[in-house]
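Observations on the model geometry
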Amino acid sequence: MEADAGGGGGGGGCFCWAGSASLLFLKQTAAMSASSAVQRLAALSGALAVTAGAYGAHGLRLSNRDDYQKELYSTANTYHFYHSLALLGASRCRKPALAGTVLLAGMGCFCGPLYHQALTGP
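What comes next concerns the included structure. The model shown is predicted, which means the values in this text are computed figures rather than measured ones.

Here is what the cut-offs are and how they apply
Each chain carries its own residue numbering, running from 1 in the direction its sequence is written. Only residues with pLDDT of 70 or above have their local features reported here, since the model is predicted, and side-chain atom pairs are shown and tallied only from 80 upward, although totals for entire chains, interfaces and linings are computed over all residues. The basis for the side-chain values is all heavy atoms of the structure; hydrogens and waters are excluded. Every helix listed is a DSSP run of H or I at least four residues long, and every strand listed is a run of E at least two residues long, numbered separately from the N terminus. Accessibility here uses a 1.4 Å probe with only protein chains present; expressed as a share of the type maximum, an area under 20% marks a residue as buried, one over 50% as exposed, and anything in between as partly exposed. Expected helix span is taken as 1.5 Å per residue step, with the number of steps being one fewer than the number of residues. To form a nonpolar core, buried Ala, Val, Leu, Ile, Met, Phe, Trp, Tyr and Cys residues must be joined to one another through side-chain atoms within 4.5 Å. By definition in these notes, contact holds between two residues if any of their heavy atoms fall within 4.5 Å.

Examined against the element boundaries, H116 turns out to sit in helix α3 (residues 96–120). According to the relative accessible area criterion, H116 is exposed, its value standing at 52%. Placed 47 residues apart in sequence, H116 and Q69 show a C-alpha to C-alpha distance of 9.9 Å.

Another aspect to go through is helix α2 (residues 67–90). A rise of 1.5 Å per residue sets the reference length of α2, with its 24 residues, at 34 Å; its end C-alpha atoms lie 34 Å apart and thus fit the reference within 8%. Those residues of α2 that fall on the buried side of the exposure criterion are Q69, L72, Y73, A76, N77, H80, H83, S84, L87 and A90.

Moving on, we get to the nonpolar core. Ranked by size, the top nonpolar core spans 15 residues in total, and within it Y73, L87 and Y115 carry the most contacts. Of all the elements in the fold, those that place two or more residues in this core are α1 (2–59), α2 and α3. For this core, the element with the most residues is α3, which contributes six residues. What Y73 contacts, discounting residues up to four positions off in sequence, is A52, Y55, G56, L60, Y115, A118 and L119.

Our focus in this paragraph is the environment of S84. With respect to the helices, strands and loops of the structure, S84 is situated in helix α2. For the pair S84 and L104, spaced 20 residues apart in sequence, the C-alpha to C-alpha distance is 8.9 Å. With sequence-adjacent residues up to four places away left out, S84 is seen in contact with A42, S45, G46, A49 and M107.

Below, the structure is given as structure tokens:
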């Protein structure tokens, strides 16, 4: 009887282990999808930074903007690239959704006003 009770207890432990393994799998899947989303946002942000840089190098150069506005645009574009690279790194961290959210907010707070001021003037 003791062997049978031990076997039943082992089976119960196995069931509990399988439940925690499936829970762990679900957590990893959720983390993987957040990581994938942050990687895609990093790729999109990087592509937009390259496009904005091309506009700054070719389109903005031919416009009648003063040197200060061109410098602001260049600074905004540099920060945009840095944030895009940081987003790519954030996809590999422990909490990619949180890190990605913070970096996107920082990109909006730092790059957005600089782009706006450079394109619209003082």
